[in-house]
Amino acid sequence: MTKLSDTIELLRELVAYPTVSADSNLALIENLAGWLEQAGARAEIFHDETGQKANLFATIGPDRPGGILLSGHSDVVPADGIGWTNDPFEMVERDGKLYGRGTCDMKGFIAAAVAMAPVLAHGVKDRPLHFSFTYDEEVGCMGAQALADTLAAKGIRPAIAIIGEPTGMRVIEGHKGCCEYTTTFEGVAGHGSRPELGVNAVEYAVRYVSRLMELRRPLRARAPKDSRFVPPWTTINPGSVIGGVAHNVIADWATVQWEMRPVQTGDGAFVREEMRRYVHEHLLPEMQAVSPEARIVTEVIGEVEGLEPADENAARDIVLELTGANACELVSFGTEAGIFQKLDIDVVVCGPGSIEQAHKPDEYLALDQLDQCLAMLDGLGARLAG
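Chemist: For this particular structure, what's the right way to read the packing of helix α1 (residues 3-15) against helix α2 (residues 26-38)?
Modeler: What describes two packed helices is the angle between their axes and the distance between those same axes. Remark: α1 packs on α2, axes separated minimally by 10 Å, with the N-to-C direction vectors making an angle of 155°. As far as their axial angle goes, α2 and α1 are roughly antiparallel. Crossing angle aside, the handedness with which α1 passes α2 is right-handed. In this structure, α1 contributes L10, E13 and L14 to the contact, and α2 contributes L28, N31, L32 and W35. Here the contact of α1 with α2 is built from residues that sort into five nonpolar, one polar and one charged.

In structure tokens, the structure reads:
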């Protein structure tokens, strides 16, 4: 058996676990812990508050700061079967491609890392090799944020981290953050002919969205001069505005679903403070002058840090060397990388498969991509030994 065939078989096993974010990932995590323990790792499983989700953190080598972290998320997006040629959770190999939910995003990298663990273990000497596999990345990176808190509390800080999201094995040193919110407006219903007697939640929702759009101009002005993102500034997108019940009824409820994608941490704080001030100095006083019970509440769906390019980044430099690439890139999609960077870890994103295949029916991972990933990890083993 070659490492490629070992990895394919392990990936087939991992795909068979339907770890959709709405469901438990415990069986998969326990399986991976067993594989890593067989390779000599010390594995710990950290459950969420429900006990139905868990992160896995495992270490091969000395118990000391530094070392290298290989990381990925265990959850996948739903697969309802529409558009799928085969059962999404039964991996099929066809024409040099491995089809199945999660093959690309991102169980392929997890399988490669775990299959290579026995080989990598032989190279470990004076610095540790870590593995982290998280829950709920697809719904706000909840697992990675919990794991970051755990690592900080335990004083565990790897020197570098490789996040194996599907990049086509390109070396990615930066991406924007992703912050998602739902803002709810509670007003007072009434007859449409007497708007002054009610509090029209839709009206205030529209004004809220208008203020969000006004912030686009200052956000453009805040863009770093050397920003390589496309576009180079933080963006805001109102995804939906929903409210009311009929043409002739004053709407007593409305919701705005919106997001922003910061290019730098300060931009997120700027938008949140501007909207807080607008709500408390303008909208709420007007609403509550009619009804003290009127409310505006913003729920944080997810706030995921971006990965900010750094002048000095040992993770980037190592992966450039291992892959033979001569340049780094930025991407528009988000990952868990920024969460680890916030722990003062040098981070890079590089993994097998194309993001174009993620989240789609007949998701697949090309075999040559998996082979390239194994070659990178093999080179990493030689570097550990050196």
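Chemist: Looking at this model, I keep getting lost on helix α9 (residues 314-323). Mind explaining?
Modeler: An α-helical segment advances 3.6 residues per turn. Residues three or four places apart therefore align on the same side. Among the residues of α9, those classed as buried are A315, R316, I318, V319, L320 and L322. You can read the cap of α9 off the contacts: a side-chain oxygen lies 3.0 Å from the backbone nitrogen of A315, and it is on N313. Directly after α9, the chain includes G324, whose backbone phi takes a positive value near 80°.

Chemist: Would you take a moment to explain a nonpolar patch on the surface for this structure?
Modeler: Residues I242, V245, V249 and W253 make up a contiguous nonpolar surface patch of about 340 Å² in total accessible area. Looking at the secondary structure, you find V249 in strand β12 (residues 249-250).

Chemist: Where do I start with the packing of aromatic side chains in this structure?
Modeler: Evaluated as defined, the whole model comprises four aromatic pairs. With centroids separated by 5.5 Å and ring planes inclined at 55°, the aromatic side chains of Y99 and Y364 adopt a geometry described as tilted. Residue Y99 is located in strand β5 (residues 97-99), and its partner Y364 is located in strand β17 (residues 364-366); the two are separated by 265 residues in the primary sequence. A ring pair is formed by Y208 and W258, whose centres lie 6.3 Å apart and whose planes are at 65°; its orientation type is edge-to-face.

Calculation rules
- Residues numbered from 1 in each chain as written.
- Predicted model: local features only at pLDDT ≥ 70, side-chain atom pairs only at ≥ 80, totals over all residues.
- Heavy atoms only, no water.
- Axes fitted to C-alpha atoms, helices over the stretch in contact; angles between N-to-C directions.
- Helix = DSSP H or I, 4+ residues; strand = E, 2+ residues; numbered from the N terminus.
- Parallel < 35°, antiparallel > 145°, perpendicular 65-115°, else oblique.
- Left-handed = near helix turned anticlockwise from the far one by under 90°.
- Contact = heavy atoms within 4.5 Å.
- Nonpolar A, V, L, I, M, F, W, Y, C, P; charged D, E, K, R; others polar.
- Buried < 20%, exposed > 50% of the residue type's maximum accessible area, 1.4 Å probe, protein only.
- Polar contact = N/O pair within 3.5 Å; in protein donor to acceptor, adjacent residues only side chain to side chain.
- Patch = residues over 30% accessible without salt bridge, like charges linked within 9 Å, V, L, I, M, F, W, Y side chains within 5 Å.
- Areas by Shrake-Rupley, 256 points an atom, 1.4 Å probe, with all protein chains shown as cover.
- Salt bridge = Lys/Arg side-chain N within 4 Å of Asp/Glu carboxyl O.
- Phe/Tyr/Trp six-rings, centres within 6.5 Å; stacked < 30°, edge-to-face > 60°.

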